[in-house]
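Coordinate inspection notes
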Amino acid sequence: MDTTCTHCHTPDPTGSTLCVPCTTTLTGQLTDLPRMYEALAEHLTPGSSSGQGRGGKGGPAPLPLRVDVLDLRGEFDTVCGWLAAVHDARHLRGPRLTGDTLTRLHTAVAGLLAHMPWIVATWPGAGDLAQEIGDLHRSAATVVDPDPRPRGRRIGHCQSIDTSGAICGAVLWLAPGEQVARCDWCSMAWPPTTWMQLRAWQTENADAA
Ligand SMILES: [Zn+2]
Ligand SMILES: [Zn+2]
């Protein structure tokens, strides 16, 4: 069955609702969210990240909060809403989301990642999920990650082979400061000693395709 990805609309031969590159992006973005939520806290007060604001008289005056950052942090609750939607679609009891916002966010991200194989294979909501998480990630990144190259170095396509004999094919990234390239899709680790072989397989499979 040939279908198109519900997010990027490229034809997807696997018949999934989300293609492999979109799934890789989505899982990466979800994994980033708790760290970004925490990092946003440091941007809540104007000047707190630019080293100014010291030297006032008469003790610490309350700094005004940045309303845009406050609103942005509030939007992270949509992640919990998405997990609830997945539970609903799968006829499961509602997810147990308790604790403070960060704890709930961790729970919701872990839950969505656990349901990811089902989400990308069949769920019609997958495209909207990818869209909303992508928007949230982009908005947060403009505040906490102004570096335009947060993903590191591209190592080509993952060559791990699953039990059916299919090559993974997801794009591998070497995160800044990391030694080992890890596949977001199949979680295969590629240390530098394997890169020569990886390159050889990539060339071989590109020729065959
Ligand atoms: Zn796609
Ligand atoms: Zn892989």
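These lines cover the structure that appears in this document, whether it is placed above or below. This one's a predicted model, so the numbers in the text were calculated from it and none came from an experiment. (Residues numbered from 1 in each chain as written. Chains lettered and ligands numbered in written order. Predicted model: local features only at pLDDT ≥ 70, side-chain atom pairs only at ≥ 80, totals over all residues. Heavy atoms only, no water.)

Comments concerning the overall build of the protein
Looking only at helices and strands, one finds 6 helices and 6 strands in the protein. Taken from N to C terminus, the helices and strands of the protein fall in the order β-β-α-α-α-α-α-β-β-β-β-α. Burial analysis of the protein (209 residues in total) assigns 36% to the buried set. Contacts in the protein between residues at least 24 apart in sequence constitute 58% of all its contacts with a sequence separation of at least 6. If you sum the accessible surface of the protein, you get close to 12500 Å²; carbon and sulfur atoms cover 56% of it. (Helix = DSSP H or I, 4+ residues; strand = E, 2+ residues; numbered from the N terminus. Buried < 20%, exposed > 50% of the residue type's maximum accessible area, 1.4 Å probe, protein only. Contact = heavy atoms within 4.5 Å. Areas by Shrake-Rupley, 256 points an atom, 1.4 Å probe, with all protein chains shown as cover.)

Re the side chain of Thr24
Tracing the backbone shows Thr24 in helix α1 (residues 20–41). Ignoring sequence-local partners within four residues, the contact set of Thr24 consists of Ala170, Val171, Asp184 and Trp185.

Side note on the coordination of the zinc ion (ligand 1)
Within the first shell, the zinc ion (ligand 1) binds the protein through Cys5 (SG), Cys8 (SG), Cys19 (SG) and Cys22 (SG), at distances of 2.2 to 2.3 Å. In this structure, the zinc ion (ligand 1) is coordinated by 4 donor atoms arranged in tetrahedral fashion, with angles at the metal of 106 to 113°. Mapped onto the sequence, the residues coordinating the zinc ion (ligand 1) show the spacing C-x2-C-x10-C-x2-C. Of this pair, Cys5 sits in the loop between β1 (3–4) and β2 (11–12) while Cys22 sits in helix α1; the two residues are 17 residues apart in sequence, bridging distant segments of the chain. (Donors = N, O, S within 2.8 Å, 3.2 Å for Na, K, Ca; no water. Tetrahedral: all angles 85-135°; square planar, octahedral: opposite > 155°, others 65-115°.)

Here's the deal with helix α2 (residues 67–75)
Turning to α2, its buried residues number three or more, namely Val69, Leu72 and Arg73. Projected onto a plane normal to the axis of α2, the buried residues spread over an arc of 100° and lie on a single side. (Arc of directions from axis to C-beta.)

Comments concerning the packing of aromatic side chains
Tallied over the full model, the rule gives 4 aromatic pairs. Seen from their ring centres, Trp82 and Trp123 are 5.9 Å apart, and the 85° between their planes marks the pair as edge-to-face. In this pair, Trp82 is assigned in helix α3 (residues 77–89) and Trp123 in the loop between α4 (101–122) and α5 (126–144), connecting sequence segments 41 residues apart. Each member of the pair, Trp82 as well as Trp123, is classed as buried. These aromatic residues form a ring-pair network of at least three members: Trp82, Trp118 and Trp123. (Phe/Tyr/Trp six-rings, centres within 6.5 Å; stacked < 30°, edge-to-face > 60°.)

What about the coordination of the zinc ion (ligand 2)?
Within the protein, Cys158 (SG), Cys168 (SG), Cys183 (SG) and Cys186 (SG) serve as the donor atoms for the zinc ion (ligand 2), at 2.2 to 2.3 Å. Classification of the site at the zinc ion (ligand 2) rests on its 4 donor atoms, whose angles at the metal span 104 to 117°, yielding the label tetrahedral. Taking the relative accessible area as the measure of exposure, Cys168 reaches 14% and is therefore buried.

Quick look at the environment of Leu136
Here Leu136 is to be found in helix α5. Given the relative accessible area of 4%, Leu136 is considered buried. The spatial distance from the C-alpha of Leu136 to the C-alpha of Leu30 is 9.7 Å, given a sequence separation of 106 residues. What Leu136 contacts, discounting residues up to four positions off in sequence, is Leu33, Leu72, Glu75, Phe76, Thr78 and Val79.

A few points about the pattern of salt bridges
By the definition in use, this model includes 3 salt bridges. With its nearest N and O atoms 2.8 Å apart, the salt bridge here joins Asp135 to Arg138. In this pair, Asp135 and Arg138 both sit in helix α5, 3 residues apart, roughly one turn of the helix. Judged by its relative accessible area of 34%, Asp135 falls in the partly exposed class. (Salt bridge = Lys/Arg side-chain N within 4 Å of Asp/Glu carboxyl O.)

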